[in-house]
Amino acid sequence: MPLFTQNTAFSYKNSTPTILIPPSPFNLIFSLTCGQIFGWKQINQGFLGLIQNNPFFLEQKGDTLALLNLGGSPLEIDPLQKQLSHFFRWDDDLKKILRSWRKDPLLSKTAAHFPGLRLIRQDPWDCLVKFLLSICSNIPKIEKTLIRLSQGAESIISVPFQDPKTKRCFETQLPVIPSPSVIASIKEEKLRSTGMGFRASYLKECSKQILQGFPLNSLKQKSYSSAKKELMELPGIGEKVADCVLLFSLDHPEAFPVDVWMQKILERYYFHGKSKTPKYLSEWGRSHFGNFAGYVQQYLYHFSRSCLKS
DNA sequence: TCGCAGGGCGCCA
DNA sequence: TGGCGCCCTGCG
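Computed from a prediction, not measured in an experiment: that's the story for all the values here.

*Asks:* For this particular structure, what's the right way to read the packing of helix H5 (residues 124-133) against helix H11 (residues 239-249)?
*Replies:* The packing of two helices is summarised by the inter-axis angle and the distance between the axes. In contact at an axis separation of 9 Å, H5 and H11 are set at 150° when each is read in the N-to-C sense. Here H5 lies roughly antiparallel to H11, going by the angle between them. Considering how the two elements wind past one another, H5 and H11 form a crossing that is right-handed. Residues Pro124, Cys127, Leu128, Phe131 and Leu132 of H5 lie in contact with H11, whose contacting residues are Lys240, Val241, Cys244, Val245, Phe248 and Ser249. Across the contact of H5 with H11, the residue classes break down as nine nonpolar, one polar and one charged.

And the structure:
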């Protein structure tokens, strides 16, 4: 059985949203579609997804953010504001970060392309699982696997939704990542049958190690290099996945994940087309761009994928 | 039918 | 240290 099911179809138009004033600059669409997070469903200009396993519908209208809490229990505005602020890293001074890019023509260009793109602070276990599944994969495939995994673990959340334009009602399924203890108890063959293939052994072994006391959450308090070293001792976590988990969930905004898209744009614009290894580029990125190299990475990554496909 | 892909790993030179 | 094949799956 799903953990949570609404009795009546949720209609955005007939519901009263909570209005929040996000800091400027902030852009919901860029922040949720730039590739740093999986599992959010875009419905017209809004998004349906989970924050700390509670379902929300978010829609930005100019300088305000309309938010509908689709969870069972009502939430008060102050804790909600804090939750959103934490999730979207509204505590980062993005204006200051962007000002420091002025001397770099490429960064200035990307900042103009995606105004208000913010890093998101995800749950560490959630983030680790999703980036483990991203190894040699793509977003549609990852999302299918997440649905099957949470269906198998009976942790899926179903939200009936009425499209405000077409009036059509449909059920949206939002996958909740099963806990390490649940995943560790699932047979590897069953994990494989969700479509994750060879990643199943990585996921199961990571779950076991976390159950045995691997201090995932406390890596926030460690230095970037020692946190990364520890993370890479987990099976299936290499340079790139470790940097993604550090950047998107463990409060290390200096992390600089380098995948094929980042490699392409960095070699082209900073190394005159000369070939460099991902490890070299990741270290270069951190030392060249400094404490908030992760923001540079996200803007360059999104720019590379959106504008340099050819 | 086959090659490929938003890595990681183990093997080998 | 770097190059290579393999790992699952889905897609063109």
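*Asks:* Teacher, can you tell me more about the environment of glycine 49 here?
*Replies:* For glycine 49, the position within the fold is in strand E5 (residues 46-51). Owing to a relative accessible area of 0%, glycine 49 belongs among the buried residues under this scheme. Considering only alpha carbons, one finds glycine 49 and valine 258, 209 residues apart in sequence, at a separation of 27 Å. Residue contacts for glycine 49: discarding those within four places in its chain leaves Trp40, Asn54, Pro55, Phe56 and Leu174.

*Asks:* I'm lost on the packing of helix H12 (residues 260-270) against helix H14 (residues 293-307) in this one. Help?
*Replies:* With their axes 9 Å apart at the nearest point, H12 and H14 run at an angle of 95° to one another. As summarised for this structure, H12 and H14 are arranged roughly perpendicular, according to the angle between their axes. Mapping the contact onto sequence places Trp261, Met262, Ile265, Leu266 and Tyr270 in H12 and Gln297, Leu300, Tyr301, Phe303, Ser304 and Arg305 in H14. Split by residue class, the contact of H12 with H14 holds eight nonpolar, two polar and one charged.

*Asks:* I would appreciate a short explanation of the confidence of the model for chain A in the present structure.
*Replies:* Close inspection of predicted coordinates is inappropriate in any region flagged by low pLDDT. Within chain A, residue pLDDT values average 89, and 93% of them lie at 70 or more. Considering each helix and strand of chain A separately, the mean pLDDT is smallest for strand E1 (residues 4-5), with a value of 38, and largest for helix H3 (residues 94-99), with 97.

*Asks:* How should the state of the cysteines be read in this particular structure?
*Replies:* A covalent bond between the sulfur atoms of two cysteines is referred to as a disulfide. Applying the stated rule across the entire model yields zero disulfides. With no disulfide of its own, cysteine 136 has cysteine 244 as its nearest cysteine by sulfur position, at a separation of 15 Å. Judged by its relative accessible area of 70%, cysteine 136 is exposed.

*Asks:* Explain the protein's contact with DNA strand C to me, please; I cannot follow it from the model alone.
*Replies:* Near DNA strand C the following residues occur: Lys141, Lys144, Arg148, Arg192, Gly195, Gly197, Phe198 and Arg199. Counted by atom, the contact set of DNA strand C within 4 Å of the protein is 68% sugar and phosphate. Contact distances for DNA strand C include 2.6 Å between a phosphate oxygen and a side-chain N or O atom of arginine 192. One of the backbone nitrogen or oxygen atoms of phenylalanine 198 is found 3.4 Å away from a sugar or linking oxygen of DNA strand C. Residue assignment for the surface near DNA strand C shows that the elements contributing at least two residues are helix H6 (139-152) and helix H8 (188-196). Here the surface near DNA strand C takes three residues from H6, the largest share from any one element. Per-class residue counts for the surface near DNA strand C are one nonpolar, two polar and five charged.

*Asks:* So what exactly am I meant to see when it comes to the pattern of salt bridges here?
*Replies:* One pass over the structure, following the stated rule, counts 11 salt bridges. Between glutamate 239 and lysine 228 there is a salt bridge whose closest N-O contact spans 2.8 Å. Taken as a pair, glutamate 239 in helix H11 and lysine 228 in helix H10 (residues 224-231) lie far apart in primary sequence, 11 residues in all. Residue classification places lysine 228 among the buried positions, given a relative accessible area of 9%. Between lysine 279 and glutamate 283 there is a salt bridge, and its shortest N-O distance comes to 3.4 Å. On the criterion of helical spacing, the pair formed by lysine 279 and glutamate 283 is a turn pair, its members being four residues apart in helix H13 (residues 278-289). A relative accessible area of 44% places lysine 279 in the partly exposed class.

What counts and what doesn't
- Residues numbered from 1 in each chain as written.
- Chains lettered and ligands numbered in written order.
- Predicted model: local features only at pLDDT ≥ 70, side-chain atom pairs only at ≥ 80, totals over all residues.
- Heavy atoms only, no water.
- Axes fitted to C-alpha atoms, helices over the stretch in contact; angles between N-to-C directions.
- Helix = DSSP H or I, 4+ residues; strand = E, 2+ residues; numbered from the N terminus.
- Parallel < 35°, antiparallel > 145°, perpendicular 65-115°, else oblique.
- Left-handed = near helix turned anticlockwise from the far one by under 90°.
- Contact = heavy atoms within 4.5 Å.
- Nonpolar A, V, L, I, M, F, W, Y, C, P; charged D, E, K, R; others polar.
- Buried < 20%, exposed > 50% of the residue type's maximum accessible area, 1.4 Å probe, protein only.
- pLDDT = per-residue confidence, 0-100.
- Disulfide = S-S within 2.5 Å.
- Near = heavy atom within 4 Å.
- Polar contact = N/O pair within 3.5 Å; in protein donor to acceptor, adjacent residues only side chain to side chain.
- Salt bridge = Lys/Arg side-chain N within 4 Å of Asp/Glu carboxyl O.

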